[in-house]
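As a plain string of letters, each chain reads:
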Amino acid sequence: MSLSRLANPQPTDSPTADSTAPGSGSSENAATPQSSFLHGVAWTGSVRWFSQLASWGCTLVVARLLLPSDYGLVAMANVYFGLITMLSEFGLATAIVTMRKLNDDQLRQLNTLSVALGGICYLVSLWAAAPVAAFYKSPQLALVIRVMSVSFLIAGFKSVPFA
């Protein structure tokens, strides 16, 4: 029911003459593609802003809890993870979204590939932790990278289901 009808109610002949009833043929509440698009953009934008604010908040809390040297270790590890994360997915989720006509067998195969890639990235990170720590001349960095590498295993399992 529109706002103008709520402000100026008019009597109807029958109690079922509401124009918003399903199947009444009224397009008063039907969403146009433009309004649906704008609504989706608004929701997506607000969720991203909220996510970014939460991320900043967590960063501030962690910065207060960690010593500056510990925070530097995590920052060095994030340089490594930024590079490996770019390479780890190989656009698998994007390919799944683009190819809409995938059957269940193909999706299972892609999921297996995603899990395998996550496992490979995990193993590569375990191996690369020592050389990266040597590069930065920080032996504690190896342990930080090994612990953070578990995220590759998790990402491998969630990549295809979220696509």
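Throughout, a residue's number is its position along its own chain's written sequence, starting from 1. The model is predicted, so local features are restricted to residues of pLDDT at least 70 and side-chain atom pairs to those at 80 or more, both for listing and for counting; the totals for chains, interfaces and linings are taken over all residues. In computing side-chain properties, one takes all heavy atoms of the structure into account and sets aside hydrogens as well as water.

(A) How the structure looks around the packing of helix α5 (residues 104-136) against helix α6 (residues 140-148). Lines are fitted to the C-alpha atoms to define the axes, a helix being fitted only along its stretch in contact, and any angle between axes, read from their N-to-C directions, falls within 0 to 180 degrees. Each helix corresponds to a stretch of at least 4 residues labelled H or I by DSSP, and each strand to a stretch of at least 2 residues labelled E; elements are numbered beginning at the N terminus. Two elements in contact, α5 and α6, have axes separated by 8 Å at closest approach and are oriented at 155°. Considered as vectors, α5 and α6 are oriented roughly antiparallel to each other. Of the two possible hands of crossing, α5 and α6 adopt the one that is right-handed. Of the residues in α6, those in contact with Tyr122, Ser125, Leu126, Ala129, Ala130, Val132, Ala133 and Tyr136 of α5 are Leu141, Ala142, Ile145 and Arg146. Note that Gly is not counted as nonpolar here; it falls among the polar residues with everything else outside the nonpolar set of Ala, Val, Leu, Ile, Met, Phe, Trp, Tyr, Cys and Pro and the charged set of Asp, Glu, Lys and Arg. Its residues assigned to classes, the contact of α5 with α6 shows 10 nonpolar, 1 polar and 1 charged. Working rule for angles: under 35 degrees goes down as roughly parallel, over 145 as roughly antiparallel, 65 to 115 as roughly perpendicular, anything else as oblique. For a crossing to be left-handed, the near helix must be turned anticlockwise from the far one by less than a right angle; the clockwise case is right-handed. Here, residues are in contact when the closest pair of their heavy atoms is within 4.5 Å.

(B) Representation of the environment of serine 138. When you line up the elements, serine 138 lands in the loop between α5 and α6. Burial classes follow relative accessibility: with a 1.4 Å probe on protein chains only, a residue under 20% of its type's maximum area counts as buried, one over 50% as exposed, and anything between as partly exposed. Owing to a relative accessible area of 9%, serine 138 belongs among the buried residues under this scheme. Put simply, serine 138 and methionine 76 are 62 residues apart on the chain and 9.5 Å apart in space, counted from C-alpha to C-alpha. Not counting residues within four places of it along the chain, the set of residues in contact with serine 138 comprises Leu73, Met76 and Ala133.

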